[in-house]
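# Topology and contacts: notes
As a plain string of letters, each chain reads:
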Amino acid sequence: MTTIGAPTQIRQVEVADDFPGILAVYAANNWSHARTPERLRTAVERADLALVAVQDDVIVGFVRTMSDGAFAVYIADILVLPDRQGQGTGRELLRTVLDHYPLETFHHQVLIAERDADGFYRRMGMSAVGAFGLTAFIRTQKK
Ligand SMILES: CC(C)(COP(=O)(O)OP(=O)(O)OC[C@H]1O[C@@H](n2cnc3c(N)ncnc32)[C@H](O)[C@@H]1OP(=O)(O)O)[C@@H](O)C(=O)NCCC(=O)NCCS
């Protein structure tokens, strides 16, 4: 994996070494995944692509995807340590993911935007599905 723009390195996850740092990024953002580390570790291990952003040997960001490797990719989670947000790390992580699944062959790159993050995805050139006359459907635990 290439290094993109020092001092932040974007590289593929080495689960054994990186998992504590990844867990810390989820915990710092108060994401529920951090309450079930074994399940989160499974999700990281089974990701099609899992990347960390590293600054000064500290994992400051993480992204993981699920994909059939041919037509579709689902960007499951992307998150950055709160005190490192707004410094371009999310952009570096998402850009690397989007470039990894080129639209010359992949039909779509999809995700579900949490809370106030939709502006970030629009800034990254993504569109809400309604812009294409599409509707996304979901079943969820969330009330
Ligand atoms: C969303 C998140 C991953 C973005 O990462 P980040 O490192 O803070 O974002 P960046 O600094 O790379 O921002 C890239 C661009 O998006 C913009 N942006 C970032 N977050 C935004 C937001 N919530 N709303 C609108 N624009 C946003 C930035 O201003 C920047 O714009 P620019 O090109 O004009 O400079 C990060 O804020 C985060 O971890 N949030 C908490 C977890 C979360 O909600 N994840 C998304 C789940 S769907």
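Each value, and the rule that gives it
Residues numbered from 1 in each chain as written. Predicted model: local features only at pLDDT ≥ 70, side-chain atom pairs only at ≥ 80, totals over all residues. Heavy atoms only, no water. Helix = DSSP H or I, 4+ residues; strand = E, 2+ residues; numbered from the N terminus. Buried < 20%, exposed > 50% of the residue type's maximum accessible area, 1.4 Å probe, protein only. Contact = heavy atoms within 4.5 Å. Areas by Shrake-Rupley, 256 points an atom, 1.4 Å probe, with all protein chains shown as cover. Lys, Arg positive; Asp, Glu negative; His and termini not counted. Charge placed at Lys NZ, Arg CZ, Asp CG, Glu CD. Phe/Tyr/Trp six-rings, centres within 6.5 Å; stacked < 30°, edge-to-face > 60°. Lys NZ or Arg CZ within 6 Å of the ring centre and 35° of its normal. Near = heavy atom within 4 Å. Polar contact = N/O pair within 3.5 Å; in protein donor to acceptor, adjacent residues only side chain to side chain. 1 Å grid on protein atoms, 1.4 Å probe; cavity = no way out; pocket = protein on both sides within 12 Å on 5 of 7 lines; lining within 4 Å. Sits in = over half its atoms within 2 Å of the grid points.

Helices and strands together make up the secondary structure of the protein, namely four helices and five strands. The order of helices and strands in the protein, counted from the N terminus, is β-α-α-β-β-β-α-β-α. Along the three orthogonal principal directions, the C-alpha set of the protein runs to about 45 × 35 × 30 Å. Out of the 143 residues belonging to the protein, those deemed buried represent 34%. Summarising the internal contacts of the protein: among those between residues at least 6 apart in sequence, 58% fall at separations of at least 24. For the protein, the accessible surface area stands at approximately 9100 Å², while carbon and sulfur atoms represent 50% of it. Charged side chains of the protein number 15 positive and 17 negative; the gap between the two group centres comes to 8 Å.

With that settled, consider the packing of aromatic side chains. Per the counting criterion, the structure on display carries four aromatic pairs. Geometrically, the ring pair formed by Tyr101 and Phe106 is edge-to-face, given 5.2 Å between the ring centres and 85 degrees between the ring planes. Accessibility classification places Tyr101 together with Phe106 in one group, the buried group. Geometry around Phe19 places Arg41 over its ring, the cationic atom sitting 5.5 Å from the centre.

It is worth spelling out the environment of Ala47 at this point. Positionally, Ala47 belongs in the loop between helix 2 (37–45) and strand 2 (49–55). Classification of Ala47 as buried rests on a relative accessible area of 17%. Between the C-alpha atom of Ala47 and that of Asn29, which follows or precedes it by 18 residues, the distance is 20 Å. When sequence neighbours within four positions are dropped, the list of residues in contact with Ala47 reads Arg64 and Thr65.

Near the ligand lie 21 residues; those nearest to it are Val80, Gly88, Gly90, Arg91 and Arg123. In the environment of the ligand, an oxygen atom lies 3.2 Å from a nitrogen or oxygen atom belonging to the backbone of Gln87. The backbone of Asp116 places a nitrogen or oxygen atom 3.1 Å from a nitrogen atom of the ligand. Surface burial for the ligand is 73%, taken as the share of its 910 Å² of free accessible area covered by protein chains. The cavity that encloses the ligand is the largest pocket.

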